[in-house]
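Below are the chains, spelled out letter by letter.
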Amino acid sequence: MDYKYIEQLLDRYFQGETTLQEEQILKAFYAQSVDDMPEEVGQYAPLFAALDVQEPGLGSDFDKRMMELTEEATVVPLATTQVKARTISLADRLRPLFGAAAVVAILLTLGNAINASFQQDDTWVDADEYAKRGMQVNTDEPAVAYEQKTDSLAFPRQSKGLSTPADSLAALN
């Protein structure tokens, strides 16, 4: 038997180009005994055997059942449904922006605080610096000790270009 026509039909079938009559020919061919077919044609027998199984159709009463289902559904007229309108105030519209503004304010505040902490230079003078500059506090004479203290407090102010306590006392006199 010549299986070239069946092979051509199979090629067209897998490309989706067969008609319903040609598919019926393939189903009828594979409904026969597969034992005496060549392997390249017989390998598709399980496929067509599965396609040959009759699936239950919609039935002749399908239209009637669908009509019954649609008639059973209650249709609510639009006039009976009430739509509640809701007014939205300006504050309600801007409420999401309030949260965003608060986040921006917090970030700016934290950024300024961090920036200020990095911008400050250490103006504190430690004990070694006092010793280098000869700023030992004389505790025997209170007037000398006061003068030395005001001079040591003026040191950080002078480095920043600020006025010293002596300058502010002179301005008052």
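Further up the page is the structure itself.
Predicted model only: the values in this text are computed from it and were never measured.

What counts, and where the lines are drawn
- For every chain, the first residue of its written sequence is number 1, and the numbers climb from 1 along that sequence.
- Residues qualify for local features only when their pLDDT is at least 70, as the model is predicted, and side-chain atom pairs are given and counted only at 80 or more; totals for whole chains, interfaces and linings, by contrast, use all residues.
- Computation of side-chain values: all heavy atoms of the structure, hydrogens and water removed.
- Secondary structure elements follow DSSP: runs of H or I of four or more residues count as helices, runs of E of two or more count as strands, with numbering from the N terminus.
- Per-residue accessibility, obtained with a 1.4 Å probe over protein chains only, is compared with the maximum for each type, and a residue is labelled buried under 20%, exposed over 50%, and partly exposed between these values.
- Using a 1.4 Å probe, the Shrake-Rupley method yields the accessible areas, and only the shown protein chains count as cover for residues.
- A patch is a set of surface residues, each over 30% in relative accessible area and not in a salt bridge, joined within 9 Å for like charges and within 5 Å for the nonpolar side chains Val, Leu, Ile, Met, Phe, Trp and Tyr.
- Whenever Lys or Arg places a side-chain nitrogen within 4 Å of a carboxyl oxygen from Asp or Glu, that contact is recorded as a salt bridge.
- Here, nonpolar core means buried Ala, Val, Leu, Ile, Met, Phe, Trp, Tyr and Cys residues that are tied together by side-chain atoms lying within 4.5 Å of each other.
- The contact definition used throughout considers only heavy atoms, calling two residues in contact when any of these lie within 4.5 Å.
- Positive: Lys, Arg. Negative: Asp, Glu. His and the chain ends are not part of the count.
- Note on charges: their place is set at NZ of Lys, CZ of Arg, CG of Asp or CD of Glu.
- To estimate the expected span of a helix, count its residues, drop one, and scale the result by 1.5 Å.
- We define the bend at any residue as the angle between the axes fitted to the seven residues before and including it, ending there, and the seven starting there.
- Axes here refer to lines fitted to C-alpha atoms; in helices the fit is confined to the stretch in contact. Angles between the N-to-C directions go from 0 to 180 degrees.
- Every angle not falling under 35 degrees, over 145, or within 65 to 115 is termed oblique; those three ranges are roughly parallel, roughly antiparallel and roughly perpendicular.
- Should the near helix be turned counterclockwise from the far one by less than a right angle, the crossing is left-handed, whereas a clockwise turn marks it as right-handed.
- Note that the arc is computed from the directions linking the helix axis to the C-beta atoms.

Here we look at the overall build of the protein
So, step 1. Within the protein one finds 9 helices and 0 strands.
So, step 2. When the helices and strands of the protein are read in sequence order from the N terminus, they spell out α-α-α-α-α-α-α-α-α.
So, step 3. By residue count, 13% of the 173 residues in the protein fall in the buried class.
So, step 4. Surface exposure of the protein reaches about 14,900 Å², of which carbon and sulfur atoms provide 57%.

Quick notes on a nonpolar patch on the surface
So, step 1. Side chains of Leu90, Leu94, Leu97 and Phe98 sit close together on the surface and give an oily, nonpolar patch of about 410 Å² of accessible area.
So, step 2. Mapped onto the secondary structure, Phe98 falls in helix H6 (residues 90-119).

What about the nonpolar core?
So, step 1. With 12 residues, the main nonpolar core is built from Tyr3, Ile6, Leu9, Leu10, Tyr13, Leu26, Phe29, Tyr30, Met37, Val41, Ala45 and Phe48.
So, step 2. For this core, the secondary-structure elements that each account for two or more residues are helix H1 (4-15), helix H2 (20-31) and helix H4 (45-51).
So, step 3. Sort the elements by how many residues they give to this core and H1 lands first, with 4 residues.
So, step 4. In this structure, Val41 is in contact with Tyr3, Ile6, Glu7, Phe29 and Tyr30, ignoring residues within four places of it in sequence.

A word on a negative patch on the surface
So, step 1. Taken together, the side chains of Glu7, Asp11, Glu39 and Glu40 present a region of like negative charge at the surface.
So, step 2. Of all the elements in the fold, those that place two or more residues in the negative patch are H1 and helix H3 (39-42).
So, step 3. Tracing the backbone through its elements, the reader meets Glu7 in helix H1.

Details of H6
So, step 1. Taking 1.5 Å of rise per residue, the 30 residues of H6 would be expected to cover 44 Å, and the 42 Å separating its terminal C-alpha atoms lies within 8% of that figure.
So, step 2. In the structure, H6 departs most strongly from a straight axis at Pro96, where the bend amounts to approximately 40°.

Re the packing of H1 against H2
So, step 1. In contact at an axis separation of 10 Å, H1 and H2 are set at 125° when each is read in the N-to-C sense. Considering their axes alone, H1 and H2 lie oblique with respect to each other. The hand of the H1/H2 crossing is left-handed. Packed against H1, whose contacting residues are Tyr5, Ile6, Leu9, Leu10, Arg12 and Tyr13, the element H2 presents Glu22, Glu23, Ile25, Leu26, Phe29 and Tyr30 at the interface.

Quick notes on H2
So, step 1. Spanning 12 residues, H2 covers 16 Å between terminal C-alpha atoms, matching the ideal 16 Å at 1.5 Å per step.
So, step 2. Buried within H2 are the following residues: Glu22, Leu26, Phe29 and Tyr30. Burial along H2 is one-sided: seen end-on, the buried residues are contained in an arc of 90°. Turned more than 90 degrees away from the buried face of H2 sit Leu20, Gln21 and Ala31, all of them exposed.
So, step 3. Looking at the buried residues of H2, the elements they touch are H1, H3 and H4.

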